[in-house]
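# Examination of the molecular architecture
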Number of protein chains: 2
Amino acid sequence: MAKTAISPTREENYAEWYQQVVKEAQLAENSSVRGCMIIKPWGYALWENMQSVLDGMFKATGHKNAYFPIFIPLSLMSKEAEHVDGFATECAVVTHHRLEKGEGGKLTPAGPLEEPLIVRPTSEMIINETFSRWVQSYRDLPLLINQWSNVVRWEMRTRLFMRTAEFLWQEGHTVHATKEDAVAETERMLDIYAGFLENYMAIPVIKGTKSDAERFPGADDTYTVEAMMQDGKALQAGTSHFLGQNFAKAANIQFLDKDGTQKHAWTTSWGVSTRMIGGMIMTHSDDDGLILPPKVASAHAVILPFLKGKDKSGDATIVEACEALKAELEAQSYAERKLVIELDDSDTAGKKWAWVKKGVPLRIEVGARELEEGTVAVTRRDTNEKTVYPRAEFITKAPEILADIQITLFKRAETFRADKMTTEITDKEAFYKRFKNDRSAGGFVLAPWDGDAASEKQVKEHLQVTIRCLPLTDQDVAGKNCVITGNPAKYMALFAKAY
Amino acid sequence: MAKTAISPTREENYAEWYQQVVKEAQLAENSSVRGCMIIKPWGYALWENMQSVLDGMFKATGHKNAYFPIFIPLSLMSKEAEHVDGFATECAVVTHHRLEKGEGGKLTPAGPLEEPLIVRPTSEMIINETFSRWVQSYRDLPLLINQWSNVVRWEMRTRLFMRTAEFLWQEGHTVHATKEDAVAETERMLDIYAGFLENYMAIPVIKGTKSDAERFPGADDTYTVEAMMQDGKALQAGTSHFLGQNFAKAANIQFLDKDGTQKHAWTTSWGVSTRMIGGMIMTHSDDDGLILPPKVASAHAVILPFLKGKDKSGDATIVEACEALKAELEAQSYAERKLVIELDDSDTAGKKWAWVKKGVPLRIEVGARELEEGTVAVTRRDTNEKTVYPRAEFITKAPEILADIQITLFKRAETFRADKMTTEITDKEAFYKRFKNDRSAGGFVLAPWDGDAASEKQVKEHLQVTIRCLPLTDQDVAGKNCVITGNPAKYMALFAKAY
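The rules we used
Residues numbered from 1 in each chain as written. Chains lettered and ligands numbered in written order. Predicted model: local features only at pLDDT ≥ 70, side-chain atom pairs only at ≥ 80, totals over all residues. Helix = DSSP H or I, 4+ residues; strand = E, 2+ residues; numbered from the N terminus. Rg over C-alpha atoms; globule rule 2.2 N^0.38 Å. Buried ≥ 20, exposed ≤ 12 C-beta atoms within 10 Å, placed from the backbone. Least-squares fit on C-alpha atoms with pLDDT ≥ 70 in both. Contact = placed C-beta atoms within 7 Å. Nonpolar A, V, L, I, M, F, W, Y, C, P; charged D, E, K, R; others polar. Pairing = 2+ DSSP bridges. Core = buried A, V, L, I, M, F, W, Y, C linked by C-beta atoms within 7 Å. Domains from an automatic or database assignment. Axes fitted to C-alpha atoms, helices over the stretch in contact; angles between N-to-C directions. pLDDT = per-residue confidence, 0-100.

### Some remarks on the overall build of chain A
Counting secondary structure elements, chain A contains 14 helices and 25 strands. Taken over C-alpha atoms, the radius of gyration comes to 26 Å for chain A, in line with the 23 Å a tight globule of 499 residues would show. Summarising its shape, the C-alpha atoms of chain A cover approximately 80 × 65 × 60 Å along the three principal directions. Counting every position in chain A, which comprises 499 residues, the buried fraction comes to 50%.

### A word on the relation of the copies chain A and chain B
In screw terms, the move from chain A to chain B is a rotation of 180 degrees and a rise of 0.0 Å along the axis, fitting with an RMSD of 0.0 Å. Taken together, the rotation angle and the small translation identify this as a two-fold axis. Considering only C-alpha atoms, the residue of chain A closest to the rotation axis is Val-94 of chain A, which sits at 2.0 Å. Here 100% of the interface residues in chain A have copies in chain B that are interface residues too; the copies meet face to matching face.

### Brief notes about the interface of chain A and chain B
Counting residues at the interface gives 47 residues for chain A and 47 residues for chain B. No other element matches strand E5 (residues 93-101) of chain A, which puts seven residues into the side of chain A that touches chain B. By residue class, the composition of the side of chain A that touches chain B is 30 nonpolar, 10 polar and seven charged. Direction of pairing for E5 of chain A relative to strand E5 (residues 93-101) of chain B: antiparallel, over a ladder of three bridges. Across the sheet, the residue bridging to Val-94 of chain A is Val-94 of chain B, located in E5 of chain B.

### Here we look at the sheet that holds strand E11 (residues 234-242) of chain A
Across the sheet, which stays open at both edges, the 11 strands sit in the order E3-E7-E8-E14-E11-E10-E9-E24-E25-E23-E22 (chain A) with mixed pairing between neighbours. In this open sheet, the two edge strands, each paired with only one partner strand, are strand E3 (64-65) and strand E22 (421-423) of chain A.

### Side note on the nonpolar core
Generally speaking, a soluble globular protein has its nonpolar side chains buried in company with each other. In this structure, Leu-197 of chain A together with Leu-197 of chain B are the most contacted members of the largest nonpolar core, which totals 307 residues. Other than its neighbours up to four places away in sequence, Leu-197 of chain A contacts Ile-203, Val-205, Val-225, Ala-227, Ala-237 and Gly-238 of chain A.

### Some remarks on the domain arrangement of chain A
You can read the domains of chain A as domain 1 (14-69 + 130-284), domain 2 (301-407) and domain 3 (421-496). The gap between the C-alpha centroids of domain 2 of chain A and domain 3 of chain A is 48 Å.

### Focus: the sheet that holds strand E20 (residues 375-380) of chain A
Residue and element names in this part refer to chain A. Judged by pairing direction, the sheet is mixed, and its five strands sit side by side in the order E18-E15-E19-E20-E21 without closing on themselves. If you trace the sheet from one side to the other, it starts and ends with strand E18 (341-343) and strand E21 (386-390), each paired once. Strand-to-strand twist in this sheet, taken as the mean axis angle between neighbours without regard to direction, amounts to 25 degrees. Bridge count between strand E19 (residues 362-366) and E20: four bridges; the pairing is antiparallel. Following the sheet pairing, Glu-365 is matched in E20 by Ala-377. Running at roughly 165 degrees to strand E15 (residues 301-305), helix H9 (residues 315-330) makes contact with E15, E18 and E19 of the sheet.

### Comments concerning the environment of Gly-208 of chain B
Residue and element names in this part refer to chain B. Within the element layout of this structure, Gly-208 appears in strand E9 (residues 206-209). Remark: the alpha-carbon pair of Gly-208 and Glu-226, spanning 18 residues in sequence, is separated by 8.1 Å. Sequence-distant contacts of Gly-208, defined by excluding residues within four places in its chain, comprise Thr-224, Glu-226, Cys-469, Leu-470, Pro-471, Leu-472 and Leu-494.

### Here we look at the pairing of E20 of chain A
All names here are of chain A. As paired elements, E20 and E21 share five bridges and run antiparallel to each other. Looking across to E21, one finds that Thr-375 is bridged to Pro-390. A loop of five residues connects E20 with E21, the two strands running antiparallel in sequence, and Asn-384 in this loop sits at a positive phi of about 65 degrees.

### Some thoughts on unusual backbone geometry
It is generally the case that most residues other than glycine have a negative phi and that most peptide bonds are trans. Of note, the amide linkage connecting Ser-7 of chain A to Pro-8 of chain A takes the cis form, showing an omega dihedral of 0 degrees. Mapping Pro-8 of chain A onto the fold places it in the segment before helix H1 (14-24). The omega angle of the peptide bond from Leu-141 of chain B to Pro-142 of chain B is -5 degrees, so this bond is cis rather than trans. Its location among the elements puts Pro-142 of chain B in the loop between helix H5 (124-134) and strand E7 (143-152). Positive phi values are uncommon outside glycine, yet Ala-202 of chain B reaches one of about 60 degrees. Looking at the secondary structure, you find Ala-202 of chain B in the loop between helix H6 (179-199) and E9. Despite not being glycine, Asn-252 of chain B shows a phi value in the positive range, around 60 degrees. Mapped onto the secondary structure, Asn-252 of chain B falls in the loop between helix H7 (246-250) and strand E12 (254-256). Looking at Asn-252 of chain B, the number of C-beta atoms within 10 Å reads 15, which means it is partly exposed.

### Notes on the confidence of the model for chain A
This prediction gives chain A a mean pLDDT of 95; 99% of its residues lie at or above 70. Here the predicted complex carries an ipTM of 0.97, next to a pTM of 0.97.

### Quick word on the environment of Glu-370 of chain B
Residues and elements named next belong to chain B. For Glu-370, the position within the fold is in helix H11 (residues 368-373). Residue class for Glu-370 comes out buried when judged on the 22 C-beta atoms lying within 10 Å of it. Each C-alpha atom of the pair Glu-370 and Leu-494 lies 53 Å from the other, and the pair is 124 residues apart in sequence. Setting aside residues no more than four positions away along its own chain, Glu-370 makes contact with Thr-375, Val-376 and Ala-377.

### Concerning the pairing of strand E11 (residues 234-242) of chain B
Residues and elements named next belong to chain B. In terms of burial, E11 is a largely internal element, nine of the nine residues being buried. As judged from the eight bridges shared by strand E10 (residues 221-228) and E11, these two strands associate in the antiparallel manner. Each residue of the ladder has a partner; that of Glu-226, found in E11, is Gln-236. Taking the residues that link successive antiparallel strands as the turn, the E10-E11 hairpin has five residues, and the phi of Gly-232 there is positive, at about 85 degrees. Pairing between E11 and strand E14 (residues 266-273): four bridges, direction antiparallel. Residue Thr-239 lies in a different strand from E14, and its bridge partner there is Gly-271.

Take a look at the structure:
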């Protein structure tokens, strides 16, 4: 047994460590289709828990789910010029609608379509076109719709969860009568994402708006939540777009207002995806593998009976006791969810380490001694702390222990981010030095910026550093000068290398 | 106001009546993408309820959800010859991975793929290929996986929910060590479908197996549940396939058995889709529009305040009382689900009829008089029966009334089916006469069949009648002769015209 369950360690090779964590936790794997992943049951259960919480939040704020076609006709996609240009390099295109036997009986595409269809990379165009039929009067507004679906973006370099050709997500699309209402919706959904990421995924985030260069194609303004990974790189964890009237004009969403005049509406869109799972892994996992935040964990605990194996006397009694313990624990709840408990009575060597690597928050060991003493030996995944509890006490206390793990993970991530965050660098040399350090990606740097695309481009080219956002808070730039050009600063910008 | 809320009536034009019911209920609509539908919030809420029940049933029988790529490489799809041939005429094919500006700046497909990708019409090949990696030993079996996803079949003639180019479904895929286990799984899932359709959708079904001609491409045996629509046509509502070792051999799923030898596994697959919604509409709706079975209804009831409008005195009090009523009703449960109550305080003329057409099981009217008397006036959608209840009594009784509607709908459908079902016709002339009747599609006919593909083909060509299934029960053919050929019968077959 190596010192750690995952090889290599984070220190040795962060990128490879990540792949191994995903693999050993059995969250996902690559498929035979370029860039498309298979989400395995342990990963999909996590996604279902995330969906369930988010879906509740969307519904509580008045949104309804609907479903729109996976295909977008090329001509429709082209109606918003900036939008189609933004996705043109990564579109999967359907051109034929059947297969035909060609030479040697080999099947080849046949039945060319009159118009190519794009597999949706995002659904603004098809949804806003539909909205142009649904919205006629101010009485139809606001229109608040969400869709859970798959989308396809033909990325050249992929990485499980972080960037895949197909991924699962939700995309909200809303229509409003006024600019103010649309901006308020954009901000409301950003707050929901931030709340979800911090309170459920235990990932601290910074809220802000994107610079012109980093904005969603076709949006007037993109709001983002940015997280800090353990290698010092930033991750964009969710975005909420104020689309102005751009898509309403492209798709002709007009309504008869109270004043009797016909007006173009204002729209928004917002989305989070399976990418959040990548962010969660990179935030919490350690050199022993995955660590799952209890609120979204695929299971809250695993019961591991200590079995004698060969001489099986007493084994049946232990397994029975474990089944009873499982049932009693599953009657408990944490964070509005019944506890989900696994029981692993396999006789595989190293089954304990399999569960460590799967990141289950609690491991409960029960053997002959525990049975006799009426105790359970419980190990927390986050701290590796092992405590022997009287059985009944543990059952009652389990939700409280899970709550403590949830908070511990968040605080640990927050402390880590504070270490990786510099506020602020005003000196260009220090800024360059910070991001040229080889051993770390450099973390977050909050620095004054002149708001000029040229200076932004310069640090991207020199350092692979981008402006992650202009944070919603700390925007006091009075008397400050741009860290890159020395010109008077317009914004405080959060710089980082990013996934 | 016409006599009925839907025009035309079922009698006048059944096909058009169906389209109007879907439209007026705001369940779904056609999109600008050929054959692809948009599922509107009222329809999607119904689908979510259906998913939730089915998903619970799958999990209770040990299945886990996972997610597999939307694309299947052509070479992989071609590994099972019968399978690929079965889907070749309806495959959407992705051939390019980006867009490029051509002449006149027009975007055209670019970046041709080395190998075309099929948008999944079903996922046997991509999932079984994955299973070949997951399954190594008898310890890995059974492997019980389900996927919720979209699929695409390029159908030439489409109809909302019944047959669309893209639809939503679940597909179960399982691997077993023995033929017996795989057959048992196939039958177990058929029973789950039958139970769901009868107990939740209130659609009576007949369970049976398909004839060779109607079998799933690549399966050894296809089990089906068949329902009877109000126009006398049958609908295949769900299928469960015993795949034998065909896909295990094509995808090379082998395992080391207990006896130390390497064996090919046995697989199954089974699915139901948004098509069930079409079946539900055609089973329960009437000339006033949709009727939703309470157990899956998008909402259980709508509260309709009687408002005075112009002279608004008292209106606020009424709306307030309705909000309180809504909250109290929503604390009640029916069929393990909290009641979902809509409150419509709009001042639209004809709002009552809008809700009739949306099929909500109960309409609750509250006006000044009801407020004064402490009553509510409740109309059942299934019977149009209006009852005035003391408010408190109704709140307690609501789940019971919903249960009665659920049963009433099922019984009504069962009675209807009994009327449309003839057991049995043994005479060819009578059989032909039955299906040549112009005013009705002919319903179900149970008749002896010689098991010969030729006789099956003959009635399909002459009458557009197919063998829906060989029912699991009533297979006593001793001394009976085939209704078509007069030869000794091998099976009792259920004949019908079908969707």
